[in-house]
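Architecture and fold: a report
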Amino acid sequence: MEFKDYYATLGLQSTATQDEIKRAYRKLARKYHPDVSKEADAEARFKDLAEAYEALNDPQRRAAYDEARARPQRAPMPDFGGDHGFDPNEGMNHSDFFESLFGKAARGASSQRRRRATAEDHHARILIDLEDAYHGARRTISLQDRQLEVNIPKGVREGQHLRLAGQGLSGEPGGPAGDLYLEVGFKPHAHYRVDGRDLYLDLPIAPWEAALGATATVPTPGGPVQLTVPAGSSSGRKLRLKGRGLPGDPPGHLYAVVGITVPPADTPASTQAYEALARTFPHFNPRSVLEA
Amino acid sequence: MMTSSSNPIPVVTGVIVEDDIRFTLEDLSRACGAEHAQLIVLVEEGVLEPGGSGPHDWMFSGASLRRARTALRMGRDLQLGEGTALVLDLLEQIEDLRAQLRRLGAQNR
């Protein structure tokens, strides 16, 4: 088992005062708290921080830790191995290292960590495809002790929760099972950006399509549709496909955001075509808006 | 640990909390794994705004679940106290701004 350097986790020397430990924890906790930070490893970093703080903030535990730290080998540490009810989804569980040093009882002793033993057995996350939310879907989730097939209702939005009645773990043996709540996340999509029920799609068009108008085949979660691009559509124009976003009451819209893609002038003919275009519009000034 | 193949995996239907569920104080307290008293404090601090005249008939919106859980986590980990409501409001504003950036496709350009 790896010996954890709790002082390094908090960016401190082992001579730090209790006040310094508190300040260092608070500062880093604000930075890495998973509700605040969007850094990918925030959750793991915060967990390390919280554990380090829990070990060092309590003078008795700190003394025990310092003693173990001072041992020449920093080992052998008793290795209980295995997992102690680890919930991969959530929870303030301690590392094996922490528990080998302070015992599993430390979890209960840290009064702030768990107010009800079952709190963390009632929440998990599920990552779905946008199409699952559009059509509704059935997905298998793996919990710590079992698997469930979940019917995902049509129209669920990113960040919402699904309640699975009676699927939480019961608080006490024989007690009633609580409900299980699944927080819904969407996997990133190749084409669409999601905003509530609305979807945004970048629609590349050719310069002549932008000028003359065109009919473009556009993917939507319900299948491709023909979209009329009006003549004179500059980049950034949003074309709304009413009700083609995620279903609901009212359903969301799908917005195709026009972007002009310019073919290269890499042959004499294509160069001449652009030059002819320039001669045709001698007074066209796209930057007139920048002139005072 | 795993359900064996002869034992089919149970099928359950999810209900969208934010759209279709309202919570009593007891419901929300179970869903968050928190004591009534902790939620009452959150109401006093303005984090949660239930309908009703008092704890016995409070009804919390489905969206209260996320807000309550975030407030409890942050309160526990960061000792926020009375600033919690403000912090949650600011976090929601940041989330709205992030959504706006996504709409504009900022990450693609």
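In this text, all values refer to a predicted model and were calculated from it rather than measured experimentally.

Quick look at the overall build of chain B now. Of the regular secondary structure elements, chain B holds five helices and two strands. Listing each helix as α and each strand as β along chain B from the N terminus yields β-β-α-α-α-α-α. Within chain B, buried positions represent 29% of all 109 residues. Here the contacts in chain B between residues at least 6 apart in sequence split such that 53% fall between residues at least 24 apart.

On to the overall build of chain A, then. From N to C terminus, chain A includes nine helices and 11 strands. Within chain A, buried positions represent 26% of all 292 residues. For chain A, the share of sequence-separated contacts (at least 6 apart) that also reach a separation of at least 24 residues comes to 46%.

With that settled, consider the interface of chain B and chain A. Each side of the interface is counted separately: chain B has 32 residues, and chain A has 37 residues. Considering only residue class, the side of chain B that touches chain A consists of 17 nonpolar, six polar and nine charged. As judged from the three bridges shared by strand E3 (residues 147-152) of chain A and strand E1 (residues 11-13) of chain B, these two strands associate in the parallel manner. Looking at E1 of chain B, one finds that Glu 149 of chain A is bridged to Val 11 of chain B.

Looking now at the sheet that holds strand E2 (residues 137-142) of chain A. The sheet built from three strands is open, its strands ordered E2(A)-E3(A)-E1(B) with mixed pairing. Each edge of the open sheet carries a strand with a single partner, namely E2 of chain A together with E1 of chain B. Each strand of the sheet is rotated relative to its neighbour by a mean of 30°, with strand direction disregarded.

A few words on the environment of Ala 190 of chain A. Residues and elements named next belong to chain A. Considering the arrangement of structural elements, one finds Ala 190 in the loop between strand E5 (180-186) and strand E6 (192-195). Judged by the 7 C-beta atoms lying within 10 Å of it, Ala 190 falls in the exposed class. It is 39 Å that separates the C-alpha atoms of Ala 190 and Glu 291, two residues lying 101 residues apart in sequence.

A few words now on helix H2 (residues 18-32) of chain A. The terminal C-alpha atoms of H2 of chain A, which comprises 15 residues, lie 21 Å apart, in line with the 21 Å expected from a rise of 1.5 Å per residue. Those residues of H2 of chain A lying buried are Ile 21, Ala 24, Tyr 25, Leu 28, Ala 29 and Tyr 32 of chain A. On an axial view of H2 of chain A, the arc spanned by its buried residues comes to 125°, and they lie on one face. Of the surrounding secondary structure, the elements contacted by the buried residues of H2 of chain A are helix H3 (42-57) of chain A together with helix H4 (64-78) of chain B.

This part covers the confidence of the model for chain A. Detailed reading of the predicted coordinates is not advisable wherever pLDDT is low. Residues and elements named next belong to chain A. When pLDDT is averaged along chain A, the result is 85, and 85% of the positions lie at 70 or above. No element of chain A has a lower mean pLDDT than helix H6 (residues 105-109), at 49, and none a higher one than strand E9 (residues 225-229), at 97. Confidence drops under a pLDDT of 50 for residues 79-91, and excluding neighbours within four residues, the segment shows 19 contacts in the predicted structure. A low-confidence stretch, residues 107-118 stays under pLDDT 50, and its non-local contacts, those more than four residues away or across chains, total 17 contacts.

It is worth spelling out H4 of chain B at this point. An α-helix turns once per 3.6 residues; consequently, residues spaced three or four apart project the same way. Residue and element names in this part refer to chain B. Relative to the 21 Å expected for 15 residues at 1.5 Å per residue, H4 spans 20 Å between its end C-alpha atoms, a close match to the ideal helical length. For H4, the full list of buried residues reads Ser 64, Leu 65, Arg 67, Ala 68, Arg 69, Ala 71, Leu 72, Met 74, Gly 75 and Asp 77. Downstream of H4 by one or two residues, Gln 79 has phi in the positive range, about 50°.

Turning to the pairing of E9 of chain A, a few remarks are in order. Residue and element names in this part refer to chain A. Examined bridge by bridge, strand E8 (residues 214-218) and E9 share five bridges and lie antiparallel to one another. Bridge pairing links Ala 214 to Val 229 in E9. Between the antiparallel neighbours E8 and E9 lie six residues, among them Gly 223 with a positive phi of about 120°.

Grouped together as the largest cluster of nonpolar side chains are 50 residues, with contacts concentrated most on Leu 162, Leu 182 and Leu 201 of chain A together with Leu 28, Leu 39, Ala 68 and Ala 71 of chain B. Here this core spans two domains, since at least three of its residues come from each of domain 2 (120-186) and domain 3 (193-290) of chain A.

On to the environment of Val 218 of chain A. All names here are of chain A. Note on placement: Val 218 falls in strand E8. For Val 218, a count of 18 C-beta atoms within 10 Å puts it in the partly exposed group. Val 218 sits 43 residues away from Thr 261 along the chain, and the two C-alpha atoms are 16 Å apart.

Turning to the packing of H2 of chain A against H3 of chain A, a few remarks are in order. Residue and element names in this part refer to chain A. Between H2 and H3, whose axes approach to 10 Å, the crossing angle comes to 165°. Relative to H3, H2 is oriented roughly antiparallel. As for how H2 packs across H3, the hand of that crossing is left-handed. In this structure, H2 contributes Ile 21, Lys 22, Tyr 25, Leu 28, Ala 29 and Tyr 32 to the contact, and H3 contributes Ala 42, Arg 45, Phe 46, Leu 49, Tyr 53, Leu 56 and Asn 57. For the contact of H2 with H3, the class distribution of residues is 10 nonpolar, one polar and two charged.

The next point concerns the sheet that holds strand E2 (residues 15-16) of chain B. Taking strand neighbours across the sheet as the criterion, the four strands line up as E1(A)-E5(A)-E4(A)-E2(B) in an open arrangement whose pairing is mixed. In the strand order of this sheet, the two ends are held by strand E1 (123-128) of chain A together with E2 of chain B, each with one partner. Where strand E4 (residues 161-164) of chain A and E5 of chain A come together, four bridges link them in antiparallel fashion. Looking at E5 of chain A, one finds that Leu 164 of chain A is bridged to Leu 180 of chain A.

Cut-offs and rules
- Residues numbered from 1 in each chain as written.
- Chains lettered and ligands numbered in written order.
- Predicted model: local features only at pLDDT ≥ 70, side-chain atom pairs only at ≥ 80, totals over all residues.
- Helix = DSSP H or I, 4+ residues; strand = E, 2+ residues; numbered from the N terminus.
- Buried ≥ 20, exposed ≤ 12 C-beta atoms within 10 Å, placed from the backbone.
- Contact = placed C-beta atoms within 7 Å.
- Nonpolar A, V, L, I, M, F, W, Y, C, P; charged D, E, K, R; others polar.
- Pairing = 2+ DSSP bridges.
- Axes fitted to C-alpha atoms, helices over the stretch in contact; angles between N-to-C directions.
- Expected span 1.5 Å × (residues − 1).
- Arc of directions from axis to C-beta.
- pLDDT = per-residue confidence, 0-100.
- Core = buried A, V, L, I, M, F, W, Y, C linked by C-beta atoms within 7 Å.
- Domains from an automatic or database assignment.
- Parallel < 35°, antiparallel > 145°, perpendicular 65-115°, else oblique.
- Left-handed = near helix turned anticlockwise from the far one by under 90°.

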